[in-house]
Structures are given as structure tokens and as C-alpha cells.
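For reference, the chains in residue letters:
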Amino acid sequence: MVELSGVLGVAMVALGMVLTPGPNMIYLLSRSITQGRRAGVVSLSGVAVGFLVYLLATNLGLSVVFLAVPELYVAVKLAGAAYLAYLAWNALRPGGVSVFAPEELPHDSPRRLFTMGLMTNLLNPKIAIMYLSLIPQFISLEAGNVLLQGFLLGSVQIVVALTVNLGIVLAAGAIAVFLARRPSWLRVQRYLMGAALGLLAVSVATDTSAPARA
């Protein structure tokens, strides 16, 4: 049985991760703003399948690889931290652009939108870190079936992430227009998100925990 503290912990971590700008948010925002809500929802469906791939892979044995080769686990974690630091720099550097700033993009077919959403999520280091490093910390060996706990906690992350991302997709156009009329707000949003990404990068890089045994 999954402990309530574990469920709440994963929900809070998932909320913090989904609210910091990364590949998924940037892709969903760009498509929703330039091609409309329907394109954003189709893209989000690809992101959802990407979450399921991570959920299955990590709970059915991927973590065993990292337990057997801890150096590989450290390399993945440091690569993820470096990517988060890169996103932070892009947000904080002079001339940086907010994720809500509209830009011109070609219109894509639903099939391409789905595929791009899927690939964006599969190649997202934030999600890899989430499933390989963060969620396992909330699994309790004393609580029973570890595999079941992994699936349930992963499902909590997926529900939180999809709910927030759907809200972002539906509100992207209105938010972009609102912020475009208030340039100072765009700068504040950019600095806050950049600082949050920087702190997350430091936290991930300095974390010494090992992947949980499935």
C-alpha cells in the first residue's frame, strides 16, 4: 500500500517540475499559441504517451541498469543538471526570451504534432530525472509491493503533469496576449523561472541518493 506521505511528496515534486519551463512546456506553449488549442491538445497526447513509456521502462527494469552501473546513473543525473542549468541561463541571460513570448512556427499535421510531443518528452532530462531519481525516493520497502508502488506513484505524477499542462494549453493564447501588453511582467516571469531552474539544477547535481531497487 502506498503511503499518503509518498503520494503527497510525488504530487508536490511533480507540480514543481511541471511549473518550471522545460522542453515540454516550451513545445506545448509554442504550438498552442501559433496553431491553436487543438494542436496543443494533440501535442499533449504525445507527451502523455511519453510519460507512459517512462513509467513502464523504469518500473520494469531500467533502474536495475543504473544499480548495476552506478557511474551511468551519475552521468545521466549530471547531464540532466547541466541541461537544467542551460535552460536557466537562457532565461536569465541578457536578451533572453520568455516561454510566453510568441514566435512564428510552421503549422504541422496532427500526426507530426503527436510525434513531436512524444519525442520532446522522451528526450526531456527533467522527466528522466523525475522517474530515475526523484520518484523512487518516495517508495517505502516496508509498505509492500515495490513494483505496484512505483506504478501508483508514477501515475500520480502523470495526472498532475497532464492536468497542469492541459491548463497551460487551454490558457496559452490568453496568457501570451496578457503578458505581451505588460513587458515588465514578462521579464519578471523569465527571471523567476530562470532562478527556479538554476536552483533545481544545483539540487540535482548535488543529490547523492541512489536509484531505488525495483
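Residues numbered from 1 in each chain as written. Predicted model: local features only at pLDDT ≥ 70, side-chain atom pairs only at ≥ 80, totals over all residues. Heavy atoms only, no water.

Turning our attention to the overall build of the chain. The helix and strand inventory of the chain stands at 8 helices and 0 strands. Scanning the chain from its N terminus toward the C terminus, one meets helices and strands in the order α-α-α-α-α-α-α-α. The buried share among the 214 residues of the chain stands at 44%. Accessible area for the chain stands at about 10,900 Å²; split by element, carbon and sulfur atoms hold 71% of it. (Helix = DSSP H or I, 4+ residues; strand = E, 2+ residues; numbered from the N terminus. Buried < 20%, exposed > 50% of the residue type's maximum accessible area, 1.4 Å probe, protein only. Areas by Shrake-Rupley, 256 points an atom, 1.4 Å probe, with all protein chains shown as cover.)

The topology assignment puts R111 in helix α5 (residues 110-122). Under the relative-accessibility criterion, R111 is labelled exposed at 72%.

A full pass over the atoms with the stated rule returns 3 cavities of 30 Å³ or more. The volume enclosed by the second largest cavity comes to roughly 130 Å³. Lining the second largest cavity are 16 residues, with M17, V18, N24, K126 and I127 positioned closest to its centre. Taken together, the elements giving at least two residues each to the lining of the second largest cavity come down to α1 (4-19), α2 (23-35), α6 (125-134) and α7 (146-180). Of the residues contributing to the lining of the second largest cavity, the split by class is 9 nonpolar, 6 polar and 1 charged. (1 Å grid on protein atoms, 1.4 Å probe; cavity = no way out; pocket = protein on both sides within 12 Å on 5 of 7 lines; lining within 4 Å. Points joined across faces, edges and corners; volume = space filled by probe spheres on them. Nonpolar A, V, L, I, M, F, W, Y, C, P; charged D, E, K, R; others polar.)

All right, on to α6 then. Extensive coverage of α6 is indicated by the burial of 10 of its 10 residues. When α6 is considered as a whole, its buried residues turn out to be P125, K126, I127, A128, I129, M130, Y131, L132, S133 and L134.

Further remarks concern the packing of α2 against α5. For the pair α2 and α5, the least separation of the axes is 9 Å and the interaxial angle reads 160 degrees. In this view, α2 runs roughly antiparallel relative to α5, as classed from their interaxial angle. In this structure, α2 meets α5 at a crossing whose hand is right-handed. Residues P23, N24, Y27, R31 and Q35 of α2 form the contact with α5, whose own contacting residues are R112, L113, M116, G117, T120 and N121. Looking at the contact of α2 with α5 residue by residue, the classes come out as 4 nonpolar, 5 polar and 2 charged. (Axes fitted to C-alpha atoms, helices over the stretch in contact; angles between N-to-C directions. Parallel < 35°, antiparallel > 145°, perpendicular 65-115°, else oblique. Left-handed = near helix turned anticlockwise from the far one by under 90°. Contact = heavy atoms within 4.5 Å.)

Structurally, T58 can be placed in helix α3 (residues 37-68). Residue classification places T58 among the buried positions, given a relative accessible area of 8%. In this structure the side chain of T58 is engaged in a polar contact, spanning 2.7 Å, whose partner is the backbone oxygen of Y54. A distance of 3.4 Å separates the side chain of T58 from the backbone oxygen of L55, its partner in a polar contact. (Polar contact = N/O pair within 3.5 Å; in protein donor to acceptor, adjacent residues only side chain to side chain.)

Turning to the nonpolar core, a few remarks are in order. Across soluble globular proteins, nonpolar side chains show a tendency to be buried alongside one another. Core analysis: the largest hydrophobic core is formed by 32 residues, its most contacted members being F51, M130, Y131, I135 and L153. Looking at this core, the elements with two or more residues in it are α1, α2, α3, α6 and α7. Ranked by the residues each element gives to this core, the list is headed by α7, at 10 residues. Setting aside anything within four residues of it in sequence, one finds M130 in contact with V13, A14, M17, I135, P136 and Q157. (Core = buried A, V, L, I, M, F, W, Y, C linked by side-chain atoms within 4.5 Å.)

Looking now at α1. With 16 residues, α1 should reach 22 Å at 1.5 Å per residue; the first-to-last C-alpha distance of 23 Å fits that figure. Listed as buried for α1 are G6, G9, V10, A14, M17 and V18. Angular distribution of buried residues about the axis of α1 spans 155 degrees; they occupy a single face of the element. Facing away from the buried side of α1, by more than 90 degrees, are the exposed residues L4 and M12. (Expected span 1.5 Å × (residues − 1). Arc of directions from axis to C-beta.)

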